[in-house]
Every structure is written in structure tokens, then in C-alpha cells.
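If you want the building blocks of each chain, they are given just below.
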Amino acid sequence: SSGINAEYGEALTVLDRPTEQTTKEKEELLKVFEELAGRLEHELRAVLLFWDNHSQDEEHTGFLTCVDFDGTIYDTTKYSALQAQQTYIYAKLYNCTDVYHTEETLSTAKLGGEFLLRHAYRSSDSRCNHSLTREGKPLSLRPDMVTEVFFVMALYELHYATKQANYLSRAESVLRTVLSWIRDPGTLNYNGVESNTSTLTDLGHVFRMLLAVCEHNPTKLRQHKEDFNYLVKRILQHVQRDGKVVLEYVTGGSSSSEVQGAQGRLVSPGTVMEIGWMLLKFSQLTHKKELRKQAMSLFVENTFNSAWDPGYGGVFRFLDVDGLSPTDLTWNMKLWWPVAEAMISLIMSYKFSGNRSFLNQFSRAFDYAMVHFREPDHGEWYGYADTQGRITHTFKGGPEKGCFHVARCLWMCAKIVREVVAGGGVEK
């Protein structure tokens, strides 16, 4: 193995001893973390270079995101969610890092922002077109809130970078639309799910959006207090079977319960772990210690342990809580984003708990990603592997995969690791 187990695993495993760390061991760990942060930052540069070189559409604005492994553009369709994701990443890095706080980074973010404003946004209903031609002609409207969520995130981040009022006004218009949807699911028919069914993925999208909206403006946290409380309550209603599992679907209403049949037994581990680290961030902002404990134990640790493939490694796309075969045909595939979300949730859980088992779990997840998804010759990760970890699709960008999960994962993990180093250890 050429991943973290080979390079850092021994040092991390040493820390799983059930004894107190000596000063020397702590110094060794911090040195390992310094090297790990450097590796993560190096990988992030390679990922961004791939998108810099191949995706920017200077002629029509926006990004070309259907990109093969070597940078070849194989389809010029533009998906608004992916346009917004890449815009958000570049604006976020401009706002939150020294190394990427450059005019070049901001210009790239604005390239996406202009396309979103000109072509994605629909003033008639404050919605967003799902897919468009390269020039910006609308092709389709998606029957869920994914596109709108990322639109809001991108334009809020761009507004913070530029202070341009048009970014903020459009973002707030769509934000109001999304918040009305989440309180009245009957206005959307998500993938054919009954309107009285609560979908964890939808709740996670909106939770992610609100955290992004509030990140640079603490007053927004107070302004959206009721929205956050409503979302957290709804998310925790997906905790079922005596608090042991987090299901993708439950019945709506004040007393949620399992949905009958295979759909009701479904778990999406990547979704649960992403919500896990978002709950950790929220609990830090609001000083909710019990929520933090639940996020780490159930949403992160238990979910990772149940979703990790003990035979071939990697995180399963879906699980059935009764151990049956999920009916989704991709259930046993290994995708890029669940392992990326696992990495974030595990290293963040270590930072907040000091539980050394999170380090070993992070090591396994990072190692898997580096060995199976990382492609060193051209940069960026592959996105799709079979159960055995063999790549099934050679493209690096497609209708569902763009410049988001990998870049966010590498940046956040490096940031957390450096925070641990700067503080001389973990926060408890």
C-alpha cells in the first residue's frame, strides 16, 4: 500500500495504546500531523490544478465539468449544481486561506457566479435550472432542492468575497424558496417519494446550506435559530431502533417512524457521516454537548464501522439495516464522496474528543482514497469503483461529480490537522 498506512499509519497506530501519551509520543504525533497536513495540501493543489487547466469556460462563463481522466471534455452540458459547487469552493478558498487569497482564485469563482446569475437563476419562481447548454440555454428543471441549495451557498460565499449586492439578493431570494420547501415537503416530489415521507438527504442539503450562510455572519445564526432547531429535530427523527441507526426515510409528522419495506430499511452512510460532522460544527457554535456526543458516537463512529467493507475496504453506498441486500443496484459500489465525508467526520471527531480510534479509522479511509481514487498523473480523484475497488468510470467529472467533495475534504482535513498542531493537541 502506498497510502497513509504506509507513510503515517505506524505513528498513528502507536497512539491507540490504552496509556497516557508521553511527551515524546505527543511530539511525534504532532510531527506526523505536520507531514499529514502538508500531504493533504499537496493533494488539494493537484485537484485544483486539474480543474484550473480543464474546466474554465472563458467564452461563455461557467465551467465545463464533464471531464475525462486526462482533462478531455466529453460533454459540454452544464449542470447548475456543479457550477455552484465549483464557484463555492473557489470563493471559500479565497475567503478562508492565505495561499488561495488571490485575484486568480476570485476570478475563477466569479466566472461561475456570472453563469449562475445569467443563466441558472429563474426570476419567475426563484428556482434554478438544473441543466443547460454550454451557452446557457435551459434544458431541464430538477424535481428536488439540490441545485438551489448549492446556488445559495455559492452566491453567499461570493458576496462575502466581493460585497456585490446582486449576489446577496439572488441568494436570499432562493434561500427563502428552499426554506419554504423543507417545511412543506408536499411542494416537491423528490424521486417519487411520498410527500409525507421525510428524506434525510434533503434535510442534510438544507442543513449544509444554512451552516454556509451563517459561517461568516454570526447574526445569521440567531436569525435562523428556528430553522436550525427545526432541521435538527427533523434529522434526529431519523434516528430509529432505540437510537442505534440513522435511516434515510421515515414517516413525516411529529412522531416519525420507520417506513415499511425495503425503502424504510435503507441507510446512506455517506449522508449520515456528512450530517455527523455538520452536527459537530453546529454543536460547537451552539454549545450543545449532548448533540456533539450523539453526532460522534452514532452518526460518525457507528456508521463508519457498519459501512466499512472489512474485505475490500471502502464505504458502501447503501446498507439495509436488517442485513439484507439493498434494492439499489449501486449499493455495494465504492464512491468518492462517502469516503471523503468519512475523512472529514473522523478527523473532526478526533479533534473534539481525543479518541484515538478516530485516528485509525481516518487512516483507513484516507489510505483507501489515496490508493483507489487518487490518480497521480493528471490530478483529481476518480469517482466510482466496484466492490473490489476497481475503477468503473474513467471520468473525473460528470453529471453528479464536479469540483466539490474532494477539494472540500482535503481543505477541511488539512485545516483541522493544522488546528490540532497549532493548539498542541485536541480540543475536549
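See above for the structure.
Residue numbers restart at each chain and count upward from 1, following the sequence in its written direction. Given that this is a predicted model, residues contribute local features only at a pLDDT of at least 70 and side-chain atom pairs are listed and counted only at 80 or more, while totals for whole chains, interfaces and linings are drawn from all residues. Side-chain metrics rest on all non-hydrogen atoms present in the structure, leaving aside hydrogens and water.

Peer 1: Pulling in residues and values, what's your account of the packing of aromatic side chains?
Peer 2: Aromatic contacts are taken between Phe, Tyr and Trp rings whose centres are within 6.5 Å, Trp giving its six-membered ring; a plane angle under 30 degrees counts as stacked, one over 60 as edge-to-face, and the others as tilted. Across all of its chains, the model carries 17 aromatic pairs by this definition. Each ring, one from Phe50 and one from Trp51, has its centre 5.3 Å from the other, and the planes form 90 degrees; the classification is edge-to-face. A simple rule labels every residue: compare its accessible area, found with a 1.4 Å probe on the protein chains alone, to the largest value its type can have, and call it buried under 20%, exposed over 50%, or partly exposed in between. We classify Trp51 as buried; its relative accessible area is 0%. Summarising the aromatic geometry, the rings of Trp336 and Tyr384 are spaced 5.3 Å apart at their centres and angled 65 degrees between planes, so their arrangement reads as edge-to-face. Linking Trp336 in helix H12 (residues 336–353) with Tyr384 in strand E15 (residues 384–385), this pair joins segments that are 48 residues apart in sequence. Judged by relative accessible area, which is 14%, Tyr384 ranks as buried. In this structure an aromatic cluster arises from ring pairing among Phe304, Trp308, Tyr368, Phe373 and Trp381. In our convention, an over-ring charge means Lys NZ or Arg CZ found within 6 Å of a ring centre and within 35 degrees of that ring's normal. When the ring centre of Tyr160 is taken as reference, the NZ or CZ atom of Lys163 above it lies at 4.6 Å. If you follow Arg183 out to its NZ or CZ, it ends over the ring of Tyr230, 4.3 Å from the centre. Strands are runs of DSSP state E lasting at least 2 residues, helices are runs of H or I lasting at least 4, and numbering of each runs from the N terminus.

Peer 1: Could you give me a rundown of the side chain of Thr105, with the residues and numbers involved?
Peer 2: By secondary structure assignment, the location of Thr105 is in helix H4 (residues 103–120). When its relative accessible area of 8% is taken as the criterion, Thr105 is described as buried. Every residue in contact with Thr105, bar those within four places of it in the chain, is listed here: Tyr90, Tyr94 and Tyr100. The contact rule is simple, with two residues in contact once any of their heavy atoms fall within 4.5 Å.

Peer 1: Can you tell me about the environment of Phe366, naming the residues and giving the values?
Peer 2: Tracing the backbone shows Phe366 in helix H13 (residues 357–373). Separated by 22 residues in sequence, Phe366 and Ile344 place their C-alpha atoms 9.9 Å apart.

Peer 1: Describe in detail the state of the cysteines, supporting the description with residues and values.
Peer 2: A covalent bond between the sulfur atoms of two cysteines is referred to as a disulfide. Any two cysteine sulfur atoms within 2.5 Å of one another count as a disulfide. For the structure shown, the criterion picks out 0 disulfides. No disulfide involves Cys403; its nearest neighbouring cysteine sulfur is the one of Cys409, lying 13 Å away. Take Cys403: its relative accessible area is 1%, and that puts it in the buried class.

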